[in-house]
Amino acid sequence: LPDATKLRAHEAREEALAGKEKAEAASDAADSAGLEADAAALHASCGDGGPFPCHERGCPRSSVTCKDLVLSCEKTFDKVFDKPPTRALAHFAVGEICPRTCRRCGSFNVSREEVLRSQAAAGPVGQMVSALDNCTAGASDECAGGRGVWGRIWELAPPVGENTAYRPPHDLAGYKALTDGTSHSDLPPRDEKGCLRYFRVGDRGDMRGTVRPMLRELGMCESKEEVGFTFLWSRPWEKIEAFFRPKKITPGSIVNSVAGLPQQVGQKTSLARLHVACMARAGYDPLDVIPKRGPFCRFTSRAFAVRKMGSKLQLPYRRFREYNVQLNEEEPEEHRIWILKPQGGFNQVGIHMYSLATADIASDSATAAWLMQRVPEGTWVLQEYLMNPMTYQGHKFDLRVWALVTSLDPLRVYLLGTGIPKVSQWNYSKAVEDVKEPCIHVLMPGTNECFQNKRANVLTPYPTRTNTQDWFDKVIPSGKDFWTQRAWPSVEWRVVELLVLARDAILHVDHQLKRNGLRYKRVFFLSPDILIDQHGQATMVEVNVNGYMIGNLHKSFFPLHEEQRAVFRLMGGNGFPKQHKYAAALEQQTAAFCKHRKAKCTPAAEREIWEMVHEDMHCAMAWYRIFPTGEDRPHTARLKGSPSYQRSFTFLDGVMFDWLQHGWAPLHQLDQNRSVVVAQTPPSADLPPPKAGAKPRQQKPASAAKIPEAHLSTMHRRPAGLAPAGGDASADDELAVLRARIAELERKGQGEAGRGR
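Residues numbered from 1 in each chain as written. Predicted model: local features only at pLDDT ≥ 70, side-chain atom pairs only at ≥ 80, totals over all residues. Heavy atoms only, no water.

Student: Explain the overall build of the protein to me, please; I cannot follow it from the model alone.
Tutor: A tally of helices and strands in the protein yields 23 helices and 24 strands. Residues counted as buried form 56% of the 757 residues belonging to the protein. For the protein, restricting intrachain contacts to residue pairs at least 6 apart in sequence, the fraction spanning at least 24 positions comes to 73%. Accessible surface for the protein amounts to roughly 32,400 Å². Of this, 52% is attributable to carbon and sulfur atoms. (Helix = DSSP H or I, 4+ residues; strand = E, 2+ residues; numbered from the N terminus. Buried < 20%, exposed > 50% of the residue type's maximum accessible area, 1.4 Å probe, protein only. Contact = heavy atoms within 4.5 Å. Areas by Shrake-Rupley, 256 points an atom, 1.4 Å probe, with all protein chains shown as cover.)

Student: Would you take a moment to explain the packing of helix α17 (residues 583–596) against helix α18 (residues 603–617) for this structure?
Tutor: Each pair of packed helices can be described by the angle between their axes along with the distance between the axes. Closest axis-to-axis distance for the α17/α18 pair is 10 Å, and the angle between their directions is 135°. Our classification of the angle between α17 and α18 gives oblique. Our pair here, α17 against α18, has a crossing hand that is right-handed. Note on element contacts: α18 touches α17 through Glu606, Ile609, Trp610, Val613 and His614, opposite Leu586, Glu587, Thr590, Ala591, Phe593 and Cys594. Here the contact of α17 with α18 is composed, by residue class, of seven nonpolar, two polar and two charged. (Axes fitted to C-alpha atoms, helices over the stretch in contact; angles between N-to-C directions. Parallel < 35°, antiparallel > 145°, perpendicular 65-115°, else oblique. Left-handed = near helix turned anticlockwise from the far one by under 90°. Nonpolar A, V, L, I, M, F, W, Y, C, P; charged D, E, K, R; others polar.)

Student: How should I be thinking about the pairing of strand β10 (residues 335–342) in this particular structure?
Tutor: Every other side chain in a regular strand lies on the same face of the sheet, so the side chains alternate between the two faces. In terms of burial, β10 is largely enclosed, as eight of its eight residues are buried. Neither face of β10 is exposed, since His335, Ile337, Ile339 and Lys341 on one face and Arg336, Trp338, Leu340 and Pro342 on the opposite face are all buried. When β10 meets strand β11 (residues 352–357), the two strands line up antiparallel, connected through six bridges. Bridging across to β11, histidine 335 finds its partner in alanine 357. When β10 meets strand β12 (residues 378–384), the two strands line up antiparallel, connected through five bridges. Pairing of proline 342 across the sheet is with tryptophan 380, part of β12. (Pairing = 2+ DSSP bridges.)

Student: Any chance you could explain unusual backbone geometry here in plain terms?
Tutor: Comment: phi is negative for the bulk of residues other than glycine, and the bulk of peptide bonds are trans. Cis peptide bonds are those with omega within 30 degrees of zero, and the linkage from glycine 50 to proline 51 qualifies with 5°. Relative to the assigned elements, proline 51 resides in the loop between α1 (2–45) and β1 (52–53). Following aspartate 409, the chain continues into proline 410 via a peptide bond in cis, with omega recorded as 0°. Topologically, proline 410 is positioned in the loop between β15 (403–407) and β16 (412–416). Of note in the backbone geometry, alanine 622 takes a positive phi value of approximately 75° without being a glycine. In this fold, alanine 622 is placed in the loop between α18 and β22 (623–627).

Student: Mind showing me how you'd approach the state of the cysteines here?
Tutor: Defined simply, a disulfide is a covalent bond joining two cysteines at their sulfur atoms. Using the criterion set out here, one finds five disulfides in the structure. Residue pairing for cysteine 195: its cysteine sulfur links by disulfide to cysteine 221, the two sulfurs lying 1.8 Å apart. Looking down the S-S bond of the cysteine 195 and cysteine 221 bridge, the torsion is -80°, so its handedness is left-handed. With cysteine 195 in the loop between α6 (172–175) and β4 (198–201) and cysteine 221 in strand β5 (residues 221–222), this pair connects stretches of sequence that are 26 residues apart. With a relative accessible area of 4%, cysteine 195 lands in the buried category. According to the relative accessible area criterion, cysteine 221 is partly exposed, its value standing at 22%. A disulfide bridge connects cysteine 278 with cysteine 297, and the sulfur atoms are separated by 2.1 Å. Judged by the sign of its S-S torsion, about -90°, the bond between cysteine 278 and cysteine 297 is left-handed. (Disulfide = S-S within 2.5 Å.)

Student: Explanation requested: the packing of aromatic side chains in the structure shown.
Tutor: The way to describe two aromatic rings as a pair is by their centre distance and the angle between their planes. Scanning the model with the defined rule gives 26 aromatic pairs in all. On the basis of an interplanar angle of 75° and a centroid distance of 5.1 Å, the ring pair of phenylalanine 397 and tryptophan 471 is categorised as edge-to-face. Of the two residues, phenylalanine 397 is situated in strand β14 (residues 395–400) and tryptophan 471 in helix α14 (residues 469–474); the sequence distance between them amounts to 74 residues. Given a relative accessible area of 1%, tryptophan 471 falls into the buried group. Put simply, the rings of Phe304, Phe320, Tyr323, Trp338, Tyr354 and Trp370 pair up and form one aromatic cluster. In this structure, arginine 281 packs its charged tip against the face of tyrosine 645, placed 5.0 Å from the ring centre. (Phe/Tyr/Trp six-rings, centres within 6.5 Å; stacked < 30°, edge-to-face > 60°. Lys NZ or Arg CZ within 6 Å of the ring centre and 35° of its normal.)

Student: Could you clarify how one ought to interpret the nonpolar core in this entry?
Tutor: Burial of nonpolar side chains together is a common tendency in soluble globular proteins. Core analysis: the largest hydrophobic core is formed by 58 residues, its most contacted members being Leu261, Phe397, Trp483 and Ile532. No other element matches helix α15 (residues 480–515), which puts 14 residues into this core. If sequence neighbours within four positions are ignored, leucine 261 has contacts with Val405, Leu499, Ala502, Ile506 and Phe524. (Core = buried A, V, L, I, M, F, W, Y, C linked by side-chain atoms within 4.5 Å.)

Student: Looking at this structure, I do not really get the pattern of salt bridges. What am I missing?
Tutor: Side chains that differ in charge, positive against negative, can pair when their charged atoms come close. Across all of its chains, the model carries 35 salt bridges by this definition. When the shortest N-O distance is used, the salt bridge between arginine 565 and glutamate 217 registers 1.8 Å. Note that arginine 565 is positioned in helix α16 (residues 561–570) and glutamate 217 in helix α7 (residues 205–217), a separation of 348 residues in sequence. The class of arginine 565 is buried, set by a relative accessible area of 11%. Among the ionic pairs, arginine 412 bridges to glutamate 608, the shortest N-O distance being 2.9 Å. With arginine 412 in strand β16 and glutamate 608 in helix α18, this pair connects stretches of sequence that are 196 residues apart. Of the two residues, arginine 412 and glutamate 608, both sit in the buried class. Shared partners join several salt bridges into a network, and the residues in it are Arg412, Lys521, Glu608, Glu611 and Glu615. (Salt bridge = Lys/Arg side-chain N within 4 Å of Asp/Glu carboxyl O.)

Student: Can you walk me through α7 in this structure?
Tutor: Side chains that are three or four residues apart share a direction in an α-helix, a result of its 3.6 residues per turn. For α7, with 13 residues, the first-to-last C-alpha span of 18 Å sits near the 18 Å given by 1.5 Å per residue. Bending of α7 peaks at approximately 35° at the position of valine 211, with proline proline 213 no more than four residues after it. Every buried residue of α7 is accounted for by Asp206, Met207, Thr210, Val211, Arg212, Met214 and Leu215. Looking at the packing, one finds that the buried side of α7 touches β4, β5, β6 (231–233) and α16. (Expected span 1.5 Å × (residues − 1). Bend = angle between axes of the 7 residues up to and from the residue.)

Student: Before we go on, may I ask you to explain the confidence of the model for the protein in this structure?
Tutor: Should the pLDDT be low somewhere, the predicted coordinates at that spot are not to be read in detail. Of all residues in the protein, 77% attain a pLDDT of 70 or more, and the chain-wide mean is 81. Taken as a whole, residues 106–156 scores under 50 in pLDDT and shows 103 contacts with residues more than four places along the chain or in a different chain. (pLDDT = per-residue confidence, 0-100.)

Student: Please clarify how the sheet that holds β5 should be interpreted in this entry.
Tutor: Two modes of strand pairing occur in sheets, parallel and antiparallel, and in both the strands are linked by backbone hydrogen bonds. As summarised here, the arrangement of the five strands in space is β5-β4-β6-β7-β19, forming an open sheet in which the pairing is parallel. This sheet does not close on itself; its edge strands, each paired only once, are β5 and β19 (521–522). As paired strands, strand β7 (residues 254–255) and β19 are joined by two bridges and run parallel to one another. Its bridge partner being in β19, valine 255 is matched across the sheet by arginine 522.

Student: So what exactly am I meant to see when it comes to helix α19 (residues 634–641) here?
Tutor: Along α19, the positions that sit buried rather than exposed are His635, Thr636 and Leu639. Relative to the axis of α19, the buried residues are bounded by an arc of 95° and lie together on one face. If you follow the buried residues of α19, they end up packed against α15, β22, α20 (643–646) and α21 (651–662). (Arc of directions from axis to C-beta.)

Structure, rendered in structure tokens:
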């Protein structure tokens, strides 16, 4: 009987649940039917639905319109919003509810005559636009933010951690109180459990699914405690005080955060702010076109900050017009494209692309009318669009490039030697009628619609790397020399210049940490999106700072698993296992270098040299150093030769430049994967022997691996950006040394070599 009672109760609950689900399904069906009818009516009348409530993080306003969603026409609402405005709306495509904006019916362009008539009814155009050319800071609400809003954030508070008044020490005495920021540790190579380090990772999916297995493969063990870790990979720390926790951060630890750096380069307005600072530093008018022969400040396109409040538009519109007139004088175009982005947008919501015709810059009033018609309520960034990009078989592309900052002072930056191409599936067109075609301009590789549309010209095979002969042949302009001697060096330059500029404002935090004796390694993984123009000049669209590791998630387009694994080796996650081959010689060389250098070195500076050499010798899968380098690299030569940039280089940067001129590095070569293969490098007989106990921690490998003969036969002289190999030996002599040493190691069963190690 009890069992029968339980059964009836269970059946009753199931019936109630089924009834509830049936009622919800009926309600959803009714709502969907209603929406379908509304969508049909909208299509018939060529109208738009909305507005749609928007209460998520990053929403530009409390509600968004179809115009805000114009770049998401092919997406369903549940792909645009974390929580769609209604349940019934979730599975409708934006284009079904916004047929007018998404061009699913007729033309949605409002004529200039209509706009001018409506503006005339409201008052003179000149009264509707706030001319900030004549504003003074705080004069009125529409002038709030002051002059120079061509890229400045509206909020009065600067980014977290910013201090532009700080001046670093300029000599040895000033740096004596600063410790180093390296992974050097007095801990044994492995503990009693066989663990190299104890790691913690964040709760994001890529950190759990991609990063965690990679760290375990390197010989690390996962820490279950909030303290006691020696390697941390999480979301970047946002608060400066998080870096000042001596009880939580063990000396020699590695954390993937640099205080203030994500705020300097990763916000919506970051590139524009740094661009203004760069223009002022270089002596240019921040609202003028960069002189043709001007080498600096080309790391991003011009941007103007815009705010609309009711009938008032805050923008230096006369200068905006003058800028476009000047552009047309230098490179004439029938029209120009400008991109309007919300300063706090998310998931491409609110991004608009507009055509600016020659007639629109014929007079101040014409430019004001153009702006009033297109800028919605709110705060925005109006950014110049690259009209003549380099293409791949006639398709526009941009590159996601991966960079790793391994030290702020001295500044050390590494770059993956291939870009990650994102290529449109449509042929490029800058025609007026194609301005609002997202499959041409912004959706790369593209949505299903981009692949299936009749205009699609699907690339087969899809290019996955930019350092292959196939890529050199199919880009326009084509050729290996154009790519390797013009386009890619421009990418290096842009990344380095951006970081040199950004470092000035946050260097004070790094120095305070070192004055406090907090000796641990702070690294930062960033991935800028870069366009390259037809002249081979790179420009950044934005800088991604979330440290996202895709693993094999999209390997048909982006097969980068091994390149991601190499990041953790480069930064020292597995303790630089090859250092036992050259550690004694390295300590001998740095001791001699510091003794004879005019300005000498601090012990911390010597450890920074060791760290850079270890990083260089553990580069794999085409990772290499782009700063510091010798003056054979164009960006280094021009930055060092510029009086305006010389002040940004610190005493420790000078030590590193001098070390590179010293010209010593362990014996090494590159294999066919562009991974560094290190040979045994004995101390020099011409220098005093290393001091006992002063040399870097050495670690012998745990297992042997054989380098295939095919790898040796394709080795190059040295990695790009690294110091030359040591001694006066020729490439053939070095190869002979490598062969002999590898044979010896294999006989003894103690060797450690192979791809990526």
